Amino acid sequence: MRQPTDQPADDLLAPPLPGPLLRLPRPVRALAPTAVVLLVLVPLAAHDPEFGPTESPPTNAALMAFGALALAFRRRWPAATAAATLLSGQLPLAVALYGLAARRGATPLLYVLAVLAGVRLFVPFDLGDVSTPSALANLVEDPLVFGAVPLALGLTTHQRARTVSVLAERNRLLVEARRHAEERAVAAERARLAREMHDVVSNRVSLITLHAGAGQVARADDPAAVRETLGLIRGLGLQALTELRGLLGVLTPASDQAPSLRGLPTLVEESRRAGLAVGLTVTGPDDGLPAPGPKVQYAAYRIVQEALTNAHKHAPAAEVAVTVAVEPDGLRLAVVNSPAERAQPAQPAESARPTDPAGPVASEGTGPGLPSGGHGLHGMRTRADDLGGTLHAGPTPEGGFAVRARLPLRVV
């Protein structure tokens, strides 16, 4: 879902390239050359034979007027306008050549018309009289000023327009790519927070629910058992709040306080006190092997935590074996529980009495079963995939359930 922004999409684009300081309305720009030629050059051509390709002033004036009228159509038919102005004066021809080069660019037709324009601009001159520098300068003046310069300016304008168009399209694609990247980042962060909150809330609240159920069946004449149960509930609640604050950015825990493999004994002990028979085995690393990185240890802790939560939900009377081993090919962990229907209830801790909170929950099932959202296995697989590892979960041949994962020791 796209996030609303405080500024419109156009504001995200780069500012346009600077244009002319004074930009006249389009009709004025379209008809201005025609008006200048009709009002200025046509009267001059009618009285001076130098203003035209012929020696007849009336003919020159007529050709100049024809070229001026043709310039009115230079935007729609630039090539035809340039061809028509070959019979007119220098200024209409220069304007037409500029318009054709600016709109069409360097095309074969432009080259043909440029050659014809050069021939046309050479016609009034005597090609045999080039003995002096001034005569040579007069010979090349019109082809240069009214032919080469307009063509160069038109091609430059055409190239600039193409460059601006390409840059605008590239900028638009970059803006779209940034939007998509932001949306993917938001979606990934939402998924990460949802996964973290699911693991924290699911595990802690499940244990709190189990201990609360044990407190309900505790004997009223045994206040010690009630106080112990309430203390456990309070401790689990404080742990959940601390982890949730860290996830939401209210409190960022230090790196040495983040969940890691060092917290597995405490995690397993919490499950034991809630009535689940859990065994923990941690081996490695051997000499020469690096210790797993913080991200790997954090993911391993969360995978074990979620697997134990699932065991509480679906096999509360099963025996669970947690194995963690640091090997050359990575960190391997397994959480395997025995068949729930054939397992023996967990033995209470040494300090527990028959009214210990673990006993009734594990054996009597006084309360409703713990709810399951169905996201735990997906979350565990996502954690392993994000680190470049693998995770497999499924029933065992004996009828239990196993979660096995391999994580790389280091993540770049």
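Residues numbered from 1 in each chain as written. Predicted model: local features only at pLDDT ≥ 70, side-chain atom pairs only at ≥ 80, totals over all residues. Heavy atoms only, no water.

## A few points about unusual backbone geometry
The general pattern is negative phi for most residues beyond glycine and trans for most peptide bonds. Here Gly284 and Pro285 are connected by a cis peptide whose omega angle stands at 0°. Within the element layout of this structure, Pro285 appears in the loop between strand 1 (277-283) and helix 9 (294-314). (Helix = DSSP H or I, 4+ residues; strand = E, 2+ residues; numbered from the N terminus.)

## Let's talk about the confidence of the model for the protein chain
As a note on interpretation, predicted positions should not be read in detail where pLDDT is low. For the protein chain, the mean per-residue pLDDT works out to 75, and 73% of the residues sit at or above 70. Residue range residues 250-254 is modelled with pLDDT below 50. Its contacts to residues more than four positions away, or to other chains, number 4 contacts. (pLDDT = per-residue confidence, 0-100. Contact = heavy atoms within 4.5 Å.)

## Digging into a nonpolar patch on the surface
Together, Val36, Leu38, Leu39, Val40, Leu44, Leu69 and Leu91 make up a nonpolar patch on the protein surface, roughly 600 Å² of accessible area in all. Take the nonpolar patch: its biggest share by element is 5 residues, from helix 1 (residues 26-47). Considering the arrangement of structural elements, one finds Val36 in helix 1. (Patch = residues over 30% accessible without salt bridge, like charges linked within 9 Å, V, L, I, M, F, W, Y side chains within 5 Å. Areas by Shrake-Rupley, 256 points an atom, 1.4 Å probe, with all protein chains shown as cover. Salt bridge = Lys/Arg side-chain N within 4 Å of Asp/Glu carboxyl O.)

## Side note on helix 4 (residues 90-104)
With 15 residues, helix 4 extends 21 Å from end C-alpha to end C-alpha; this agrees with the ideal 21 Å at 1.5 Å per step. Looking only at helix 4, the buried set comprises Gln90, Pro92, Leu93, Ala94, Ala96, Leu97, Gly99, Leu100, Ala101 and Ala102. (Expected span 1.5 Å × (residues − 1). Buried < 20%, exposed > 50% of the residue type's maximum accessible area, 1.4 Å probe, protein only.)

## Describing the side chain of Gln305
Among the structural elements, Gln305 can be located in helix 9. Side chain to side chain, Gln305 and Arg302 meet in a polar contact 2.9 Å long. (Polar contact = N/O pair within 3.5 Å; in protein donor to acceptor, adjacent residues only side chain to side chain.)

## Examining the nonpolar core
Counting residues in hydrophobic clusters, the biggest one holds 30 residues, and the most contacted among them are Leu308, Leu331 and Leu407. Taken together, the elements giving at least two residues each to this core come down to helix 8 (264-273), helix 9, strand 2 (319-327), strand 3 (330-337), helix 11 (376-386) and strand 5 (401-407). Among the elements that line this core, the one with the most residues is helix 9, at 9 residues. If near-sequence neighbours (up to four positions away) are discounted, Leu407 is found in contact with Val296, Ala299, Ala300, Ile303, Gly330, Leu331, Leu333, Ala384 and Gly389. Among the nonpolar cores identified, the runner-up in size contains 21 residues, and Met64, Leu86, Leu100 and Ala101 belong to it. (Core = buried A, V, L, I, M, F, W, Y, C linked by side-chain atoms within 4.5 Å.)

## Focus on the sheet that holds strand 2
Taken together, 5 strands build an open sheet; the order of strands is 1-2-3-5-4 and the sheet is mixed. Each having just a single partner strand, strand 1 and strand 4 (390-395) make up the two edges of the open sheet. Put simply, the sheet's adjacent strands are angled 10° from each other on average, direction ignored. Sheet topology places strand 4 next to strand 5; 6 bridges connect them, and they run antiparallel. The residue bridging Pro395 from the neighbouring strand is Phe401, located in strand 5. (Pairing = 2+ DSSP bridges. Axes fitted to C-alpha atoms, helices over the stretch in contact; angles between N-to-C directions.)

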